[in-house]
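# Chain and residue survey
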Amino acid sequence: MAYKGKYIPINPKKYIGNSSQIIYRSLWERKLMVYCDRNDNIIEWGSEEVIVPYRSPWDGKMHRYFPDFYMKVKQTNGTYKKFIIEVKPKAQCKEPNKTPKRKTRKWYKEVQTWGINQAKWKSATDYCENRGTQSNVTHTISEGLEGWIGNDSGTGGEKWWATEPNVGRVAYGIPKR
């Protein structure tokens, strides 16, 4: 199976955006797309459809961040929650060693990626909080994976990522649209 490709939804009306242009960049993203598309409690979803401005600590300029997913989930009590979700490899979710034996090109790239991801996640947190997020916006998933998409989503709390040991972080919030 390819690690990136085009996803064709079976429920295109649930997708916000152009359902013929859905691209996944990892198998984890594809799995979440399938989950969103097939789960009856996910009322609407999108992939890279939300734009969050952020300032890069690397160049000091404003950039646009497109979180991996947006979804609106029906809860068991009949209410709805909206989430912004970012799927990242675990390696990109931990701070690089501050005092490596050698400061290699790879180490500098890890430092850069960490700094930029931190800026993106902070901006996503602010974006959600400014739109009525009810709780903590960033949830870190480690091996053992205790996270769900909406603990009371009525979906039985599927741990769709539970078998993915390298998934590191899912940033989520509840933006008002």
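Residues numbered from 1 in each chain as written. Predicted model: local features only at pLDDT ≥ 70, side-chain atom pairs only at ≥ 80, totals over all residues. Heavy atoms only, no water.

## Observations regarding the overall build of the chain
Tallying secondary structure elements over the chain gives two helices and nine strands in all. For the chain, the succession of helices and strands along the chain, N to C, is β-β-α-β-β-β-β-β-α-β-β. Relative to its 177 residues, the chain shows a buried fraction of 45%. Residue pairs in contact within the chain that sit at least 24 positions apart in sequence constitute 60% of those at least 6 positions apart. Carbon together with sulfur atoms contributes 49% to the accessible area of the chain, which is approximately 10,200 Å² in total. (Helix = DSSP H or I, 4+ residues; strand = E, 2+ residues; numbered from the N terminus. Buried < 20%, exposed > 50% of the residue type's maximum accessible area, 1.4 Å probe, protein only. Contact = heavy atoms within 4.5 Å. Areas by Shrake-Rupley, 256 points an atom, 1.4 Å probe, with all protein chains shown as cover.)

## Some thoughts on the nonpolar core
Within the largest apolar cluster, 18 residues are counted, with the highest numbers of intra-cluster contacts made by Leu32, Trp45 and Met71. Elements with a contribution of two residues or more to this core: strand S2 (22–24), helix H1 (27–38), strand S3 (42–47), strand S6 (69–74) and strand S7 (80–89). With six residues, the top contributor of residues to this core is H1. Sequence-distant contacts of Trp45, that is, excluding residues within four places in its chain, are made with Tyr7, Lys14, Tyr15, Ile16, Ile22, Met33, Cys36, Asp37, Phe69, Tyr70 and Met71. Ile16, Val52, Tyr54 and Tyr127 belong to the second-largest nonpolar core, a separate cluster that totals 15 residues. (Core = buried A, V, L, I, M, F, W, Y, C linked by side-chain atoms within 4.5 Å.)

## Remarks on the pairing of S3
Burial analysis of S3 places five of its six residues in the buried class, which makes it a mostly covered element. By the bridge criterion, five bridges tie S3 to S6 in an arrangement that is antiparallel. Across the sheet, Gly46 pairs through a bridge with Tyr70, a residue of S6. (Pairing = 2+ DSSP bridges.)

## Examining the side chain of Lys14
Along the chain, Lys14 turns up in the loop between strand S1 (5–7) and S2. Buried within the structure, Lys14 lacks any salt-bridge partner; its nearest side chain of opposite charge belongs to Asp37, at an N-O separation of 5.5 Å. A polar contact of 2.8 Å, which involves the side chain of Lys14, links it to the backbone oxygen of Cys36. Separated by 2.6 Å, the side chain of Lys14 and the backbone oxygen of Asn39 make a polar contact. Non-local contacts of Lys14, meaning those with residues more than four positions away in its chain, are made with Cys36, Asp37, Arg38, Asn39, Asp40, Ile42, Ile43, Glu44 and Trp45. (Lys, Arg positive; Asp, Glu negative; His and termini not counted. Salt bridge = Lys/Arg side-chain N within 4 Å of Asp/Glu carboxyl O. Polar contact = N/O pair within 3.5 Å; in protein donor to acceptor, adjacent residues only side chain to side chain.)

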